[in-house]
Each structure stands twice: as C-alpha cells, then as structure tokens.
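Geometric and topological summary
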There are 2 protein chains.
Amino acid sequence: MDEFQLIDRLIGILGDEVRGRGILLGPGDDASLVEIPVGTVAVSSIDTLVAGVHFPAAAPAELIGHRALGVSVSDLAAMGADPDYVLLALTLPDGSEQWLTAFARGVAAAARRFGVKVAGGNLAQGPLNVTVSVHGHVAAGDALLRSGARAGDLVCVSGLLGGAAAALSRADLEHPANAATLLGCAPEDPLYPLRRYYLPEPQIALGRALRGVATAAIDVSDGLVADLGHVCRASGVAGVIDLENVPIVPGCTPQAAATGGDDYELCFTIAPGDRKQLNSLPAAVAVIGRIEPGTGVSVRLKGEPLSLSRGGFRHFG
Amino acid sequence: MDEFQLIDRLIGILGDEVRGRGILLGPGDDASLVEIPVGTVAVSSIDTLVAGVHFPAAAPAELIGHRALGVSVSDLAAMGADPDYVLLALTLPDGSEQWLTAFARGVAAAARRFGVKVAGGNLAQGPLNVTVSVHGHVAAGDALLRSGARAGDLVCVSGLLGGAAAALSRADLEHPANAATLLGCAPEDPLYPLRRYYLPEPQIALGRALRGVATAAIDVSDGLVADLGHVCRASGVAGVIDLENVPIVPGCTPQAAATGGDDYELCFTIAPGDRKQLNSLPAAVAVIGRIEPGTGVSVRLKGEPLSLSRGGFRHFG
C-alpha cells in the first residue's frame, strides 16, 4: 500500500471520528474547516511522541495511538477548554498496514473517549514519530493559565500520581495487555501502572469545572515538582509541597510520585477562601501544598525539607 | 542548554513573531489562545518534513526552518484562507544551540514574510523531524476545495514549475547559498532552483483572489500531475494537461516540471466563462488544460498523448 492507500485505510478506520460536530471539512483536502463557537477563542497545542524516547518502539500500535491523543488532549484540560479536534502527523519507518490499522483503532477509541474529532493529518516515511496538534475552545476570560497563582493560594492535584512513572521500569512495558484489559484495571491491580502510562485520562471535566475557581493550572506531564515549577515561574511565586499529602498509586513512593511524569492529572491553585469548592468538583482532588512569595518549589515530608534527586524529565538535560 | 533553556532561546529569537494580531496567549503555557474573526471558520493543516526524506539532514538550519513554514502555509493559500498562526513541533538529535538559533532565524523570517505568528510549539529529542500545524480563517462559503471542478472547466497553474525538482539533483543541495542570496535569485539565475526548493512562496494573495472564482484548487506539492489527480478524484472528473502550456523554470524539461513536486504554486480550475478574470489576479497564471468527464489525468504534448514515467512523489510507494 502506498501513502494515499494507507491514508484512505486510516480514515476508514477512524469512521465517525473524522466527521460531525463542527467539522465542515475533514481529512482529504489541503486543510480542514472547523467551526469555533461564537464568543470563544481557539485553544491550540502541539505534542510529539518519539519512539524510543516517549514510548518503546516495539509497543503495541493501538496503545501508542491512544496515548498520543490522551497526552495532547490533556493540554486542553489544563486550559479549562472544550476539546474540538486534532490533526495527526505520523512518521513511520515502513508502510505496515497491520501497524497502521492497530494505531488507527487506538486513535479512534481515544477520540471517542475524549470527545475530539480527527480533522486532518499527514503521513510520511521516516523514524517513528507521532505529533498531534490539539484544538478546542474556551471563552477567553475563562481559560486557566499558568500565570495566575498568588501567595497564599492552596496547591491541589487530582487523582493518584506515580503510576505512569512506575510503568517505565516494568519488564512488560513493551508487551502490555491490550487496551480493553488495561482500561479495566483499578489502582490496586498490578497492571494499573501500564494503564496510567498508555491510557492517560485527560481531566477535561475537571478543567471545565475549575473555570473561575482555579487561579492557575497545569497538567502533570514533566512531573509534579517540575510542573508546579512551571506554574511558579509563570506566576512569579514559590511553591511548597507537603509530600505526605500527595495522593499516590499503591506501591509507589511519594518521592517517585512527585518527580515522575506522564500522569496527566491536573495540578492547580485556588484561593484559600475557595477551599470548600473542592468538594463539588467532578474528580477527587487533594490539597498538597501552598503558594508563597519567592521563587522555586520546595518539598517537605512531615515538615522536614526534602531534597529530591530529579525535578522531572527534560530533553537534552 | 536543556529543553527549557533552548525553548526560551527559540522564543527570544522569534521575538515579535510570537505575539500580536489575534494571539491572546503565545508560547509558554499548556496551549495558546487565538481569536478567530467572527463569521469565519478555522482552517487547519499539518505537515511534516523528515531529515533525509524531505530535506538533506546536513542542510542549513535556517533554510530548513524557512522551508517548513512555507510548505505549511501553502496549504492555507490552497484553501483561499488568511493565515493566522502556526504551532511548531521540532524533534532534534541533539540540543545544538547553534543549529537551533539558525533554525529559529529561518522560522522568524518566514513568519514575517508570510504573515503568520508562531503561537506555540514542542521540542523533543530524537531523529530530526519538523512538524508544523498551520492555522488560518476563511468565510466558510469562500473556501477553495479540491472537490468543485466540473467538466468544461479550465485547468490553470500559477508561476513557473520544475524549479524545486531541479534542485534535488544538484551537488550544492546540502550546501546552498544563504537565504538572503537565494531570495535575490531570478528564474534565469543558476541558483534559482535552490531558491524554489528552500524558500517556497505560498500563494496567499492568489488564493484570496481566487475566492468565488476558482471552482477547485490545490497547491503543487506532490507534483502537477499527481496534484491535479487529487482534484480530479475529489471532484469525480478527469483532467487533461497540454504540456506545452505549462510554464517552466529555464533549463527544466516540461516533463520534469509536470511530475516534480515541491513547487508550491497553485493549480486551480475555473469555469470557461471566467477566463477573463485571470488577467486581474495578483500572480501570473497560465491555462494548461481542461476538465472532462471521466477519471484520471492524461498529459498531451502538442496534441499527442504522452506517458510520464512518474506521477508525483508518494511515501511507501
């Protein structure tokens, strides 16, 4: 199959995920045409997953596709935006129809789960690389930025951290169970870290609920300490994390959970007076620290300062 | 320099190209926020350039950056859209500050030339890959689609074809002159093919002027015959090209010009009654053929059918 036949095959598998809701023109022309609701602004981000860096090259294609969409849509959740569509640029070493079919199934399942359409894409030959641009909308004043944290704010995080990082050291990372099995795993299940790694769950509903509540937000991709660091740098403040309050996946250490990346939970700040609003959010959240005047992020364990060996993943580090 | 320092450096070089006109929030948060004019729809496309496939890995970084933007913005021109912004995903084997600085200069120069902002991006480590998603707007009914060509329409093309393809066989493809020198080359200059290859000129003004005039349009990226083939397939018609009417770069053969890619001129169709409108367009255009009932594209030279050896580049072909 050549490039154009493979693209047709991909679009066929994506089925209803390339049309409907706002998509006036989907894949197949020079560009897509999408309606953005009046009174909102376009929210856009782009992310790349490189084989051998962001996922094992031999990992199941279905999980790679699913993960690529989850990682990308998470950026919209962190802005409090409503997801609309993605553009998918796939670079493949060879035109394996089997690989591409499995990949497309993973993308389609993730698109359905996260409520995004696949409006367009690109297919090229080269080292395996999946780049997804993701697009949504939000009323301009409602967007959750990194820059709004103020001294006195509480630092919060959703869900359980550490699962995805725990997956990285597993012997079965390259040959995990299929998506359906992983999606059925609860936190106490031994396979749960693989679920967290391959099938991240962008906190879209939580991001939406945090509009007008959170003073700043970010998704936990580089690692909690590093990501709170991004918020603090953008806001011109310092952050303190009380490690014993960080909710972790069973079997993880709080230290690993605070520095490991890829959890795609939301880390956000709220004014102390808004604390009671945490009870009515659509996801479990924990208060894990505080914003203070200054710069940088410090971590404490039961009040004692803690020096963590590594502040999140960085390329070229 | 690590990832975040390199990103800061890149944003610094981009300077005014990351802000202004519609960009409410540029690089540095989880996503960008951009205003889309009321009454228009979002026009979006994504393109990848892979080192060793789409450009020589050793080519000057400035030219790679410039070319990546040109190739992408051309998709907006082909839709008759006004360019707004790009998202830039760069995967680099090492964090060379020198390479990245030159690349960013090329991106900045191209962004200025084409009137797009750089609203966001991603930097990762891996085999060299430049993926650009490009975003603009157009009134929904004004967009130029591939699907509108009708039997009887005239087939037209802008500019001169064959230059970019001629560059591919040159010994100096990896070590061409710098952008400023190339931009000064006229068609009769020996360096002109390198200008066409590295510094494509998206036909934005022409695309705009073709709203309500062209029945279908595409940019010449895969090659004239292949790209007219895409239009014919989308429109359910056949195309005939009279090769002697195809305007070519001096030194090229019409055959090479008709099959070579990367020219980024516009190929479009108009109703025969609109022929006089070709004189008032903001670019030189030639009538090179006709749309007929049927399927596929045939090529004639002075009335005689011609069989071309290759119908445009395709991956995994």
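Residues numbered from 1 in each chain as written. Chains lettered and ligands numbered in written order. Predicted model: local features only at pLDDT ≥ 70, side-chain atom pairs only at ≥ 80, totals over all residues. Heavy atoms only, no water.

Helix and strand content of chain A: nine helices and 13 strands. Whereas a compact globule of 317 residues would reach a radius of gyration of roughly 20 Å, chain A reaches 20 Å, a difference of no more than 12%. Dimensions along the principal axes, computed over C-alpha positions, put chain A at roughly 60 × 50 × 35 Å. The long-range share in chain A, meaning contacts at least 24 apart out of those at least 6 apart in sequence, stands at 85%. For chain A, the exposed area adds up to about 11200 Å²; of that, 51% sits on carbon and sulfur atoms. In chain A, 23 side chains carry a positive charge and 33 a negative one; their mean positions are 6 Å apart. (Helix = DSSP H or I, 4+ residues; strand = E, 2+ residues; numbered from the N terminus. Rg over C-alpha atoms; globule rule 2.2 N^0.38 Å. Contact = heavy atoms within 4.5 Å. Areas by Shrake-Rupley, 256 points an atom, 1.4 Å probe, with all protein chains shown as cover. Lys, Arg positive; Asp, Glu negative; His and termini not counted. Charge placed at Lys NZ, Arg CZ, Asp CG, Glu CD.)

Here the focus is the pattern of salt bridges. Two side chains bearing opposite charge may form a pair once their charged atoms approach each other closely. For the structure on display, the rule yields 28 salt bridges over all chains. We note a salt bridge from Arg 9 of chain B to Glu 97 of chain B, for which the minimum N-O separation is 2.8 Å. With Arg 9 of chain B in helix α1 (residues 3-14) and Glu 97 of chain B in helix α3 (residues 97-114), this pair connects stretches of sequence that are 88 residues apart. Ionic pairing is found between Arg 112 of chain B and Glu 17 of chain B, a salt bridge with its closest N-O pair at 3.6 Å. One end of the pair, Arg 112 of chain B, is in helix α3; the other, Glu 17 of chain B, is in the loop between α1 and β1 (23-25), with 95 residues separating them in the sequence. Residue classification places Arg 112 of chain B among the exposed residues on the basis of a relative accessible area of 53%. Taken together, the salt bridges that share partners define one network made up of Asp 29 and Asp 30 of chain A together with Arg 146 of chain B. (Salt bridge = Lys/Arg side-chain N within 4 Å of Asp/Glu carboxyl O. Buried < 20%, exposed > 50% of the residue type's maximum accessible area, 1.4 Å probe, protein only.)

All names here are of chain A. Mapped onto the secondary structure, Phe 55 falls in the loop between β3 (41-50) and α2 (61-79). For Phe 55, a relative accessible area of 3% corresponds to the buried category. In the structure, Phe 55 is positioned 113 residues away from Leu 168 in sequence and 9.2 Å away in space, judged by C-alpha atoms.

Moving on, we come to the pairing of strand β6 (residues 129-138) of chain A. All names here are of chain A. The element β6 is extensively covered by neighbouring structure, given that 10 of its 10 residues are classed as buried. Sheet topology places β3 next to β6; 10 bridges connect them, and they run antiparallel. Looking at the pairing, Thr 48 lines up with Thr 131 of β6. (Pairing = 2+ DSSP bridges.)

Our next topic: the confidence of the model for chain A. On average, residues of chain A score 95 in pLDDT, and 98% of them are at 70 or above. The ipTM, which scores confidence in the relative placement of chains, is 0.95 for this predicted complex, and the corresponding pTM is 0.96. (pLDDT = per-residue confidence, 0-100.)

So, about the sheet that holds strand β7 (residues 154-158) of chain A. Residues and elements named next belong to chain A. Spatial ordering of the open sheet is given by β8-β10-β7-β11-β9-β12-β13, a layout of seven strands whose pairing is mixed. The sheet is open, and its two borders are formed by β8 (214-219) and β13 (304-306), each paired with just one other strand. With strand direction ignored, the average angle separating the axes of adjacent strands in the sheet is 30°. As paired strands, strand β9 (residues 238-242) and strand β12 (residues 296-301) are joined by five bridges and run parallel to one another. Paired with Ala 238 across the two strands is Gly 296, which belongs to β12. (Axes fitted to C-alpha atoms, helices over the stretch in contact; angles between N-to-C directions.)

This next bit is on the relation of the copies chain B and chain A. Of the transformation placing chain B onto chain A, the axial shift is 0.0 Å and the rotation is 180°, giving an RMSD of 0.0 Å. What we have between these two chains is a two-fold relation. Most of the interface of chain B is mirrored in chain A, where 100% of its interface residues are also at the interface. (Least-squares fit on C-alpha atoms with pLDDT ≥ 70 in both.)

Backbone geometry places Asp 262 of chain A, a non-glycine residue, at a positive phi of 70°. Residue placement: Asp 262 of chain A occurs in the loop between α9 (254-259) and β10 (266-270). Using a relative accessible area of 18% as the deciding quantity, one classes Asp 262 of chain A as buried. Phi at Tyr 264 of chain B is positive, roughly 55°, even though this residue is not glycine. Here Tyr 264 of chain B is to be found in the loop between α9 (254-259) and β10 (266-270).

Residues and elements named next belong to chain A. Per the counting criterion, the structure on display carries four aromatic pairs over all chains. Arranged with centres 4.8 Å apart and planes meeting at 85°, the rings of Tyr 197 and Tyr 198 form a pair that is edge-to-face. Each member of the pair, Tyr 197 as well as Tyr 198, is classed as buried. Here the guanidinium or amino end of Arg 67 rests over the ring plane of Tyr 197, the centre of that ring lying 4.1 Å away. (Phe/Tyr/Trp six-rings, centres within 6.5 Å; stacked < 30°, edge-to-face > 60°. Lys NZ or Arg CZ within 6 Å of the ring centre and 35° of its normal.)

Attention now moves to the packing of α1 of chain B against α3 of chain B. Residue and element names in this part refer to chain B. Running from N to C, α1 and α3 point in directions that differ by 35°, and their axes come no closer than 9 Å. In this structure, α1 crosses over α3, and the sense of that crossing is right-handed. Facing α1, whose interface residues are Leu 6, Arg 9, Leu 10, Ile 13 and Leu 14, α3 presents Glu 97, Leu 100, Thr 101, Ala 104, Arg 105, Val 107 and Ala 108. (Left-handed = near helix turned anticlockwise from the far one by under 90°.)

Right, let's talk about the side chain of Thr 48 of chain A for a bit. Its place among the elements puts Thr 48 of chain A in strand β3. According to the relative accessible area criterion, Thr 48 of chain A is buried, its value standing at 2%. A polar contact of 2.9 Å, which involves the side chain of Thr 48 of chain A, links it to the side chain of Thr 131 of chain A. Once residues lying within four places of it in the same chain are set aside, the contact partners of Thr 48 of chain A are His 54, Asn 129, Val 130 and Thr 131 of chain A together with Ala 89, Thr 91 and Asn 122 of chain B. (Polar contact = N/O pair within 3.5 Å; in protein donor to acceptor, adjacent residues only side chain to side chain.)

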